[in-house]
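Notes for the structure review
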Amino acid sequence: MEWLGLYNYWVVVALMMIGFYIVIAQGNLIKKLVGLNIFQTSVFVFFISLAHLDGGTAPIALPGVTAYSNPLPHVLILTAIVVGVALTAMGLALVVRVQEAYGTIEEDEIHQQDELH
Amino acid sequence: MLEQLPALQVAITLTAAPVVMMLGRASRLAWVLTTLSCWASFAVALLLFNQVADGSVISYEMGGWAPPWGIEYSIDAANAWVLVIIGLISALVMPFARRSVEQEISESRIALFYSAFLLANAGLIGITLTADAFNIFVFFEISALASYALIAMGQDRRAVLSAYQYLIMGTVGTTFLLIGIGFLYIMTGTLNLGDLAARLPEVSDTRTIRAAFGFIAVGISLKLALFPLHLWLPNAYTYAPSMVTVFLSATATKVAIYVLLRFVYGVFGFEFSFVELSMAWLLMPLALLGIVVPSLVAVFQTNVKRLLAYSSVAQVGYMILGISFASVLGLTASILHLFNHAITKAALFMAVGCLVYRLGGVSLTQLAGAGQRMPWTMGAFVVAGLSLIGIPLTAGFVTKWHLLQAALEGGLWPIAVLLLGTSLLAALYIWKVVEAAYFQEPEDSTEVVHEAPLGLLLPTLLLTASTVVFGVFGSFTVQSARTAAAALMGGVP
Amino acid sequence: MSDAALIALPLLVPLIGLLLIVASGRVDSLRDGITVATAVAMFTAVLQLLPKVSAGERPRLELFELFPGLGITFEIEPLGMVFAMLASGLWIITALYAIGYMRGAKEKHHTRFHAFFAVALFSATGIAFAGNMFTLFVFYEVLTLSTYPLVAHKGTDAARAGARTYLGLLLGTSVGFLLMAILATWWLAGTLDFTPGGIMAGRVDPAYGSVLLVLFLYGIGKAALMPFHRWLPAAMVAPTPVSALLHAVAVVKAGVFTVLKVTVYLFGLDYLGELATSEVMLYVAVFTLLAASLVALRQDNLKARLAYSTVSQLSYIVVGAMLVNQIAALGGGIHIVMHAFGKITLFFCAGAIYVATKKTEISDMDGLGRRMPITFAAFFLGALCVIGIPPMGGVWSKWHLIMGAFEAGYGLVVVALMISTLLNIGYLIPPVIRAFLVAPKDGGGGIREAPLLCVLPLSLTALGCIALFFLGDNLAGLLAGMFSVAPAR
C-alpha cells in the first residue's frame, strides 16, 4: 500500500485532470477560467508537496532541529499564486468586455454572432 | 556601469512601464517616454551583443546573490542575438506607433497601452536574459499578461475574444512549463540553468526527467505556436492593433523558440534530446506539417493580416525544422531565421499597418488599386514579400539557403524539395495580394487616398531596406548565427 | 577603361535610363527619346567589351560576396558577349518600333511599359555577363519578375490570366527545379563558378549528375521544353513589342543561353556525355521540336503560331547542347542569333499588321500583301531565315546542328531536323501566300502600311537576316572561343 502514502500526488493528478477537462469542455467563459484556476492550483499543491520532508519542521532556525522542509518551493509558489491572481483578473476583465460586446458569455452563442476561425 | 548592463537591459523598460501608466491623459508624453526607453534598451542590447560576439559569456548576479541561491543573468552569443532582435523591432516600431496608435486606440487609453507594451517588452527581455528556470516562467507570464491586454485593445470586438482564447491557451502552456520545472527541481535541487545542465546527466535516465522534458517541450510549443498548437495565433495577430501585431509577430514567438533551444540544447543537452529521446523524429513531422498546412490555409485567406498570420505559423515551422536537423548547420539556419523572419514579417505587418491607416482594413477587395494610390507602402510590401518567399538577395533567401544546405547535409532530399515547394506557396499568397493591389481597379475610383504619413512610412521602408541589406551582405548575420549556434551546442563547432 | 568599369557600364546604363524614363514620364516625346538614347548607349557600352573578348580575354568583376564562396560575379566569355550584343542591339530597333506601335495601337501606361523594358534588358545583360550560376539565377528571376507587368500590360482579365500562367510556370520551375539543382551542385561540387570544361567532372557522381541535368533543363523554364512550354503562348497577350524582343529574343534566349552555359561551363561536354539522361533529354528536345511545329501548323492566330514556332526553335538549341559535341553546341549558339533576327522580324510584322488593320487571325489576312507590300516582304525574309534557306543567316545554325548530329551518330536527329524544316515551311509560308496570292474577301479598302516607326524597324531586321548570312563565319569564330580555356589573367 505504498502508493497510498503518496496521496497528495494523487490529489494533484485528479485536480489537474478536472481542471484541464473543464477548460476544454466548458463553453461558458467564466467556467473555463474556474477550470484554469483549478488546473493551476493543482500545480501549486504539487510544488508544496515537493518541499515536504518526513519529520521536517518549518524552515526556521531553532536549537535542536536538524530537519527542515525546503523553503524554496513555497517562495516560488507564492510568486506563482500572484501570477495566477493576475491572470484570473485579466481573464475576468476580458469576459466582462466580451459580455459588453456580445451580450453573452456562452461560446456557442458568440460563435453564432461572429465566426472566429 | 558597463557591468550593470544586464540588469539595465530589463530594468529600463520595466521601470518605465509604471511611470508611463501614471501619465494618464498626457498621451504624447507617454509616447515620447516609451520611445526613449525602447531606444535606450536597444542601445544596451547592442552593447551586450558587442561584448559577447566573440563567443564569451557574461554572468551577472542579480542583487549580488551568487547562484544557485540568487538569480543569475547569463548572456552568450545566442541570447544577445535575441535581445538585439527585440531591441531593434521595438526601437523601430515606436516611431511607427505614434500615428497608428492615435488612430486605433482611444485617447484616454494610450498611456495605458504604452505601459502594457513596455511590460510585454520587459517580459520578453527578461525571458531571454535569465538563467533561472523559474524566472523564465515569471517573465513569460509578465509578457503574456501584457500581450493579452494589448491584443484586447484591437478595434474589432473579436479582438477581446482572441485575447481570451490566447489567455487560456497561453496559461495552459506556461503552467505545463511550470510543472516541468518542478520535476527538474525535485531531481536536481536547482533552478539555475547552468547547474541543471551539470546535474542532469546523473539522473537523466529516469521517468521523471523524461516527463519534465515532455511538459516543458509541450508548454513552450504552445507559446511558440508549433503546429498544431498554433490555434491562438491567427486570431490574435489578425485582430490586435497594427503596432501590436508588428511587435508580437517579430518577437514573441522568436523568444519562445529561443527558450526551446535553450532547454533542448543548453539544459537537457544534445545527447539526451536527440540521441536518447529521438526528438528529431517528433519535431520534423510537426515542422513539416506546420509548414505545409498553414501555407495552404494562407493561400485561401482574404484578409491580408490573417494571411500573414498563417504565414507566421508556417515560418515557425521552418525554424523548428532547422532545429530538428540536429546539426550545427540546421541550428544556424534556425537562429538566422529568427532574425531574418523578424525583420521580414515586421516590415510586412508595418506595411499592412500603413494600409489599415489609410484604407480602414486590409481585405483583398479593400486593397484594390492600392498599388497606384500608396506606391511606397505597396513597394515595401512587395520587397518584404519577396524576402518572405526567399528570393535571392533578400534576407529570406539567406536562411532558406542554409536550411536547404542543412537538409542536404542530412541526406534529406525530399525535405529540400518540399521546402522549395512551400516557397512557391508563399509566392502564391504574396502574389494574391500584389495582384489585388496593382491589377484591380478600386470600386470607387473617385475617392482620394493618400500615401501613408511619413511617420508610418519611414520605419516601414527602413525595415524593408534592411531585408535587402541583410540579404546582400549576409556574412555578418551568418557569422553571428554560427557563433550563437556554437554557444548553444556548448562549444561544439 | 578598366575591366570593372567596362562591365559595370552596360549594366548601369539601363538603370540610369530607367530613372530618366520614370522622371520624364509626363512628357511623351522626351521619354521616348530617352528610351532610344538609352538603348543606343547600352549597345555602345556592350560593344566596348568586344575587342577584349575576341582577343581571348575574360574580363571579370566581383561585386560582393553573399557568404564565403558565393557572390555576385561577372565574367564575360564569347557566348555571353554575343547574347548581350544581340539583346542590346535589337533593343534599339525594338525601342523605335515600340514607340510607333504603342502610339499606333493606342495602348496606355507608356511610361510603365518603357521602364520595365529597361529593367528586363538590365537583367538580360546580367544573365549574359554572369560569372557563376548564382548570379545568373538572380538575374534570371529579376527578368521573370520584371517582364510580368509587361505581359499583364493591358490589365484585362485575359491579360491577367495569361500573365499568371507566365509567372506561375517560370517561377515554379525556377524555384522548384533550378534552385534545387543549384543548391545540389553547390553541395556536391562546392562551387558554382562557370569554368571552361565544367566543374562536375571528378566531383559529382554521374548518377547524381544525371538527376541534376534533368533538374537544370526543366528548371530553366525559359527554354520552354515540353511539358513546361505553356507560358510562352500565354505570354502572347502582351503588346507585340514585348513578344518581339522578350519572347523571341531576351527572355527565351536567356533560357537557352542558360542551357548552353550550364552544359558547357558547369557540366562540361565530356562529363555530359557520360550521363545517362543526356540522351533522354535529347529526345525530349527532339519531341518538343516536332510537336510544337505540329501545334503551330494548327494555329490560326498569327502570334500564337509564332509562339509555338519559337517553342520548336528553342529546342533546336537544346538539341545542340544535348548532342554533346562542339559543332552542335556551336550550332546552338549561332542559332540563338539567327533565330532572334528571324523571329523578331516576324513578330514586328505581326504587330505592324495589327496596328494597320487590327487583324490577328491568319485567315483574315487574304490579300493584305498588296496593301502592305513591305511588311509582307519582310515577313517572307524572316520566315526564310527561321526555316534556314540561303541567303539567310538561319542556314548556318542548321548546318552546324546537322553536322553535329552526324558526328554524334544520331541519324534519327538528322531526320527530325529535316522534318522540322519542312514543317517550318508548312506554317510560315502560307500566310505569305495568302497575303500576296489570294484575293481579299472584303476588298480591303483603306488599309495602308503601318506608321514609319513600325515599318522601318522590321525592314532593318529583315535586312539583318541577310547580312548574317555573310557574317556567319565571324560569328562562329567568335563563339568557338567558348570551348578554349581562358588565358592566364
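Predicted model only: the values in this text are computed from it and were never measured. (Residues numbered from 1 in each chain as written. Chains lettered and ligands numbered in written order. Predicted model: local features only at pLDDT ≥ 70, side-chain atom pairs only at ≥ 80, totals over all residues. Heavy atoms only, no water.)

Structural notes on the overall build of chain A
- When helices and strands are counted, chain A shows four helices and zero strands.
- Listing the helices and strands of chain A from first to last along the sequence gives α-α-α-α.
- Compactness check: chain A gives a C-alpha radius of gyration of 20 Å against a globular reference of 13 Å for 117 residues, more than 25% above the reference.
- The dimensions of chain A, computed from C-alpha atoms along their principal axes, are 65 × 35 × 20 Å.
- Expressed as a percentage of its 117 residues, the buried residues of chain A come to 35%.
- Within chain A, residue pairs in contact and separated by at least 24 positions form 45% of the contacts whose partners lie at least 6 positions apart.
- Accessible area for chain A stands at about 6,800 Å²; split by element, carbon and sulfur atoms hold 69% of it. (Helix = DSSP H or I, 4+ residues; strand = E, 2+ residues; numbered from the N terminus. Rg over C-alpha atoms; globule rule 2.2 N^0.38 Å. Buried < 20%, exposed > 50% of the residue type's maximum accessible area, 1.4 Å probe, protein only. Contact = heavy atoms within 4.5 Å. Areas by Shrake-Rupley, 256 points an atom, 1.4 Å probe, with all protein chains shown as cover.)

Topic: the overall build of chain B
- The helix and strand tally for chain B stands at 20 helices and two strands.
- For 493 residues, the compact-globule estimate of 2.2 N^0.38 gives 23 Å, and chain B sits close to it at 21 Å.
- Dimensions of chain B, computed from the C-alpha atoms along their principal axes, are close to 75 × 55 × 40 Å.
- Counting the 493 residues in chain B, one finds 68% classified as buried.
- As presented, chain B carries roughly 15,100 Å² of accessible surface, and 66% of it is formed by carbon and sulfur atoms.

Considerations on the layout of surface pockets
- The calculated volume of the largest pocket comes to roughly 2,100 Å³.
- Around the largest pocket, the lining comprises 48 residues; the ones closest to its centre are B:Val383, C:Leu18, C:Phe116, C:Val119 and C:Ser146.
- The biggest single contributor to the lining of the largest pocket is helix H6 (residues 133-151) of chain C, with eight residues.
- Of the residues assigned to the lining of the largest pocket, the class counts are 38 nonpolar, eight polar and two charged. (1 Å grid on protein atoms, 1.4 Å probe; cavity = no way out; pocket = protein on both sides within 12 Å on 5 of 7 lines; lining within 4 Å. Points joined across faces, edges and corners; volume = space filled by probe spheres on them. Nonpolar A, V, L, I, M, F, W, Y, C, P; charged D, E, K, R; others polar.)

Topic: the packing of helix H14 (residues 326-357) of chain C against helix H19 (residues 452-480) of chain C
Residues and elements named next belong to chain C.
- Taken N-terminus to C-terminus, the directions of H14 and H19 make an angle of 180°; their axes are 9 Å apart at the nearest point. By the angle between their directions, the pair H14 and H19 is classed as roughly antiparallel.
- By residue class, the composition of the contact of H14 with H19 is 19 nonpolar, six polar and no charged. (Axes fitted to C-alpha atoms, helices over the stretch in contact; angles between N-to-C directions. Parallel < 35°, antiparallel > 145°, perpendicular 65-115°, else oblique.)

Some remarks on the interface of chain B and chain C
- Facing the 28 residues of chain B at the interface are 30 residues of chain C.
- Both faces combined, the contact of chain B with chain C buries some 2,800 Å², and carbon together with sulfur accounts for 80% of it.
- If you sort the residues of chain B by the area they bury against chain C, B:Trp401, B:Leu420 and B:Phe439 come out on top, with a joint share of 25%.
- Seen at the junction of chain B and chain C, the total is one salt bridge. (Buried area = accessible area lost by both parts, 1.4 Å probe. Salt bridge = Lys/Arg side-chain N within 4 Å of Asp/Glu carboxyl O.)

Examining the packing of aromatic side chains
- Summed over the entire model, instances satisfying the criterion amount to 48 aromatic pairs over all chains.
- Aromatic pair A:Phe46 and A:Phe47: ring centres 5.8 Å apart, planes at 85°, arrangement edge-to-face. This pair shows no difference in class: A:Phe46 is buried, exactly as A:Phe47 is.
- Taking the centre distance of 5.3 Å and the plane angle of 70° together, the rings of A:Phe46 and B:Phe183 count as edge-to-face. Of the two residues, A:Phe46 is situated in helix H2 (residues 29-51) and B:Phe183 in helix H6 (residues 158-188); the pairing between them involves two chains. B:Phe183 matches A:Phe46 in its accessibility class, with the two residues each being buried.
- Following the ring pairs from residue to residue traces out a cluster consisting of A:Tyr9, A:Phe20, A:Phe39, A:Phe46, A:Phe47, B:Phe176, B:Phe183 and B:Phe215.
- The ring of B:Trp31 has B:Arg98 lying over it, and the distance from NZ or CZ to the ring centre is 5.7 Å.
- Residue placement shows C:Lys222 over the ring face of C:Tyr140; its charged tip is 3.4 Å from the ring centre. (Phe/Tyr/Trp six-rings, centres within 6.5 Å; stacked < 30°, edge-to-face > 60°. Lys NZ or Arg CZ within 6 Å of the ring centre and 35° of its normal.)

Details of the interface of chain B and chain A
- Taken together, the 33 residues of chain B in the interface contact 37 residues of chain A.
- When chain B packs against chain A, the two sides together hide about 3,300 Å² of surface, and 79% of this comes from carbon and sulfur.
- Linking chain B to chain A there are zero salt bridges.
- Linking chain B with chain A are five residue pairs in polar contact (both at pLDDT 80 or more).
- Those elements that provide at least two residues to the side of chain B that touches chain A are helix H5 (133-152), H6 and helix H9 (232-239) of chain B. (Polar contact = N/O pair within 3.5 Å; in protein donor to acceptor, adjacent residues only side chain to side chain.)

Structural notes on the environment of C:Cys349
Residue and element names in this part refer to chain C.
- Within the secondary structure, Cys349 sits in helix H14.
- When the C-alpha positions of Cys349 and Arg203 are compared, they lie 49 Å apart, and in sequence the two are 146 residues distant.
- Setting aside its immediate chain neighbours within four residues, Cys349 contacts Thr375, Ala378, Phe379 and Leu458.

A short note on empty space enclosed by the protein
- By the definition in use, this model includes 11 cavities of 30 Å³ or more.
- Roughly 110 Å³ of internal volume is contained in the largest cavity.
- Around the largest cavity sit 13 residues that line it, and B:Leu124, B:Ser143, B:Tyr166, B:Lys223 and B:Ala252 are the ones nearest its centre.
- Contributing elements (two or more residues each) for the lining of the largest cavity: helix H4 (110-129), H5 and helix H10 (242-267) of chain B.
- For the lining of the largest cavity, the per-class residue count stands at nine nonpolar, three polar and one charged.
- Estimates place the volume of the second largest cavity at around 80 Å³.
- Around the second largest cavity, the lining residues are C:Arg58, C:Glu75, C:Glu77, C:Ala130, C:Gly131, C:Phe194, C:Pro196, C:Lys261, C:Tyr265, C:Gly481, C:Met482 and C:Ser484.
- Among the residues making up the lining of the second largest cavity, the classes are represented as five nonpolar, three polar and four charged.

Points about the nonpolar core
- Counting 442 residues, the largest nonpolar core has B:Tyr114, B:Met243, B:Phe263, B:Phe381, C:Met133, C:Phe216 and C:Phe267 as its most contacted members.
- Examining the composition of this core, we find that 20 residues originate from one element, helix H14 (residues 328-359) of chain B, more than from any other.
- Those residues in contact with C:Met133 that lie beyond four places of it in its chain are C:Leu178, C:Ile182, C:Leu192, C:Phe194, C:Phe216, C:Thr258, C:Val262 and C:Leu266. (Core = buried A, V, L, I, M, F, W, Y, C linked by side-chain atoms within 4.5 Å.)

Let's talk about the environment of B:Val449
Residue and element names in this part refer to chain B.
- Tracing the backbone shows Val449 in the loop between helix H18 (413-439) and helix H19 (454-472).
- With relative accessibility at 13%, the residue Val449 sits in the buried group.
- It is 6.1 Å that separates the C-alpha atoms of Val449 and Arg373, two residues lying 76 residues apart in sequence.

Examining the side chain of B:Glu451
Residues and elements named next belong to chain B.
- Relative to the assigned elements, Glu451 resides in the loop between H18 and H19.
- Here Glu451 is buried and forms no salt bridge, its nearest opposite-charge partner Arg358 lying at an N-O distance of 6.7 Å.
- There is a polar contact of 2.5 Å between the side chain of Glu451 and the side chain of Thr377.
- Every residue in contact with Glu451, bar those within four places of it in the chain, is listed here: Arg358, Arg373, Met374, Pro375, Trp376, Thr377 and Leu457. (Lys, Arg positive; Asp, Glu negative; His and termini not counted.)

What about the arrangement of the chains?
- Highest in contacts among the two pairs of chains that touch are chains A and B.
- No part of chain A reaches chain C; the closest C-alpha pair between them is 29 Å apart.

A few points about the pairing of strand S1 (residues 58-61) of chain B
Residue and element names in this part refer to chain B.
- Alternating positions in S1 separate cleanly, Ile58 and Tyr60 being buried on one face and Ser59 and Glu61 remaining unburied on the opposite face.
- With four bridges connecting them, S1 and strand S2 (residues 72-75) associate as antiparallel partners. Residue pairing for S2: Ser59 is matched across the bridge by Ser74. (Pairing = 2+ DSSP bridges.)

Here we look at the pattern of salt bridges
- All told, the structure shown has 11 salt bridges over all chains when counted by the stated rule.
- Shared partners join several salt bridges into a network, and the residues in it are C:Arg60, C:Glu62 and C:Glu75.

Here's the deal with the confidence of the model for chain B
All names here are of chain B.
- Predicted confidence across chain B gives a mean pLDDT of 89, with 99% of residues reaching 70 or more.
- Within chain B, helix H11 (residues 269-276) has the poorest average pLDDT of any element, 81, and H4 the best, 94.
- Across the predicted assembly, pTM comes out at 0.87 and ipTM at 0.92. (pLDDT = per-residue confidence, 0-100.)

Quick notes on unusual backbone geometry
- For the peptide bond that leads from B:Phe227 to B:Pro228, omega is 5°, which places it in the cis range.
- You can see B:Pro228 is positioned in the loop between helix H8 (207-223) and H9.
- In this chain, C:Met226 is followed by C:Pro227 through a cis amide linkage whose omega measures 5°.
- Residue B:Ala326 is not a glycine yet carries a positive backbone phi of 55°.

Remarks on helix H4 (residues 78-104) of chain C
Residue and element names in this part refer to chain C.
- When the terminal C-alpha atoms of H4 are compared, their 38 Å separation across 27 residues agrees well with the 39 Å that a helix rising 1.5 Å per residue should span.
- Taking the largest bend as the criterion, H4 deviates by roughly 30°, centred on Ile92.
- Of all 27 residues in H4, 24 are buried; the element is thus mostly enclosed.
- Where H4 begins, the capping side chain belongs to Glu77, and its oxygen is found 3.1 Å from the backbone nitrogen of Leu79.
- Lys106 sits one or two positions beyond H4 and adopts a positive phi of about 55°. (Expected span 1.5 Å × (residues − 1). Bend = angle between axes of the 7 residues up to and from the residue.)

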